[in-house]
2 protein chains.
Amino acid sequence: MQRHFDDELRELKQKLLRMGALVENQVRQALMSLIERDETVAQEVIANDRQVNTLDVEVDETCLELLALFQPAARDLRFVTTAMKISTELERISDLAENICERAIELNQEPQLKPYIDIPLMAEHATKMVGEAIDAFVRGDSMLARRVLKDDDHVDALNEQIFRELLSFMIENPQTISRAIRLSFISKYLERIADHATNIAELVVYMVEGKIIRHTIPA
Amino acid sequence: MQRHFDDELRELKQKLLRMGALVENQVRQALMSLIERDETVAQEVIANDRQVNTLDVEVDETCLELLALFQPAARDLRFVTTAMKISTELERISDLAENICERAIELNQEPQLKPYIDIPLMAEHATKMVGEAIDAFVRGDSMLARRVLKDDDHVDALNEQIFRELLSFMIENPQTISRAIRLSFISKYLERIADHATNIAELVVYMVEGKIIRHTIPA
């Protein structure tokens, strides 16, 4: 039976949604490994990175096949090339979830520096952005994509705030330095996760509206 | 006059080489702004980021046009989709050069913490990797690309070493903390530049050999 382009597209969307859900879960579990000080969860996230990598390769191959077999034009062409790029962004988010777990494992060797309040909040924002960016792509919803772009400022502000707080810990008591630095890395990873969600959202706006807004929005 | 696909490909390669050279130069100048404590150079790099962004958009549009007009297959198709991805990587490198300059400007407000030895060395390695990765792409040289992959270990090791040294500064004298942290950020940015070069090199190996080696090489 001959497959139709629309069926293939639907399958591609499903695969990206699956990948997005997996990646969101990676980030959530990474945070759990930090907050619950649970190394088993951290190791799980690190192991699951393979699954995301496999999906990335699959999406890439699927897109190349679609381009070769159906030679889509205009909107469809843009959808397929955007899917390839989004898959790369998702894979990088999964790498960052892995990095969070690595730092969490290191932090587990020492007493907890402080109760974590802003970091989980930041993680919540960042994962929400990832989920919404993927939804915006699959639904071709540039309004939703633009909302994701706005949320990025909030994550950046939280990162700044966390950094300042950790800096004051370090200056007051040098014994906290190595822990504070690790926590500032985690905060930075979360900020980069939000940046990847922003990249996805920008790609969606471009795909839907034909306007390139990456590089035009002030950082 | 009808244009031929080969002419278009040649032009695309030229554009990517130009973009690569521009980005390499951004990183070199960013380092100069740090070492010479020269804010003017830093501001220049930040301003030049626009040029790289414009080239990124141009490469993207060119690739979409090539796909739509010529519907390339097999090797050519892979070349064009790889070019799109490489352009994104280059644009991110330029962003990181900008980040280096931002930290350099901040560091210029205070006395220099220490003579910079390893950071320039790291920058040299990283820019070399970027240049070689682009060359490998344009020439379709997977041997060269594999060499780039190996160099990444060296940059990672330098980053580790720099971080340890800066950590000892911070612990010995809390007054160095904010400078040491900024320097560790610069070191991290350079490591990420090398990572982007690695991404490009992995894409080249895949394009040439048809083997996906991203995700298979131990981090």
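Structure first, text after, so check above.
Rules behind the numbers
- Residues numbered from 1 in each chain as written.
- Chains lettered and ligands numbered in written order.
- Predicted model: local features only at pLDDT ≥ 70, side-chain atom pairs only at ≥ 80, totals over all residues.
- Core = buried A, V, L, I, M, F, W, Y, C linked by C-beta atoms within 7 Å.
- Buried ≥ 20, exposed ≤ 12 C-beta atoms within 10 Å, placed from the backbone.
- Contact = placed C-beta atoms within 7 Å.
- Least-squares fit on C-alpha atoms with pLDDT ≥ 70 in both.
- Axes fitted to C-alpha atoms, helices over the stretch in contact; angles between N-to-C directions.
- Helix = DSSP H or I, 4+ residues; strand = E, 2+ residues; numbered from the N terminus.
- Parallel < 35°, antiparallel > 145°, perpendicular 65-115°, else oblique.
- Left-handed = near helix turned anticlockwise from the far one by under 90°.
- Nonpolar A, V, L, I, M, F, W, Y, C, P; charged D, E, K, R; others polar.
- Expected span 1.5 Å × (residues − 1).

Q: Talk me through the nonpolar core; I want residue IDs and the actual numbers.
A: If you look at the biggest cluster of nonpolar residues, it comprises 127 residues, and the most contacted ones within it are A126, A133 and V204 of chain A together with A126, A133 and V204 of chain B. Ignoring sequence-local partners within four residues, the contact set of A133 of chain A consists of A145, V148, A197, I200, A201 and V204 of chain A.

Q: Could you give an account of the relation of the copies chain A and chain B, with specific residues and numbers?
A: Expressed as a screw operation, the relation of chain A to chain B combines 0.0 Å of axial shift with a rotation of 180°, fitting to an RMSD of 0.0 Å. What the superposition gives is, in effect, a two-fold axis relating one chain to the other. Mapped onto chain B, 100% of the interface residues of chain A again fall at the interface, so both copies present the same surface.

Q: Please set out the packing of helix α1 (residues 5-35) of chain A against helix α3 (residues 74-107) of chain A residue by residue, giving values where relevant.
A: All names here are of chain A. As a packed pair, α1 and α3 sit with axes 9 Å apart at the nearest point and diverge in direction by 15°. Classified by the interaxial angle, the pair formed by α1 and α3 is roughly parallel. Seen from above, α1 lies across α3 with left-handed handedness. Side by side, α1 and α3 meet where L9, L12, L16, M19, G20, V23, Q26, V27, A30, S33 and L34 of the first sit next to F79, A83, I86, S87, L90, I93, S94, A97, I100, C101, A104 and L107 of the second. When grouped by side-chain class, the residues that make up the contact of α1 with α3 number 18 nonpolar, five polar and no charged.

Q: Describe helix α5 (residues 142-172) of chain A, listing the residues and the values that go with them.
A: Helix length check: α5 of chain A (31 residues) gives 46 Å between terminal C-alpha atoms against 45 Å at 1.5 Å per residue, within 8%. Taken residue by residue, α5 of chain A has A145, V148, D152, V155, L158, N159, I162, L166 and M170 of chain A as its buried positions. Check the buried side of α5 of chain A and you find it contacts α4 (118-139) and α6 (177-209) of chain A together with α5 (142-172) and α6 (177-209) of chain B.

Q: Can you explain the environment of D6 of chain A? Please cite residues and give values.
A: Relative to the helices and strands, D6 of chain A resides in helix α1. C-alpha separation for the pair D6 of chain A and E165 of chain A, spaced 159 residues apart in sequence, amounts to 51 Å.

Q: I'd love a proper account of the interface of chain A and chain B, names of residues and values included.
A: Facing the 21 residues of chain A at the interface are 21 residues of chain B. Breaking the side of chain A that touches chain B down by element, the ones donating at least two residues are α2 (39-70), α3, α5 and α6 of chain A. Broken down by element, the residue count for the side of chain A that touches chain B peaks at six residues, all from α3 of chain A. Split into classes, the residues belonging to the side of chain A that touches chain B amount to 13 nonpolar, six polar and two charged.

The values are spatial; any link to function lies outside them.
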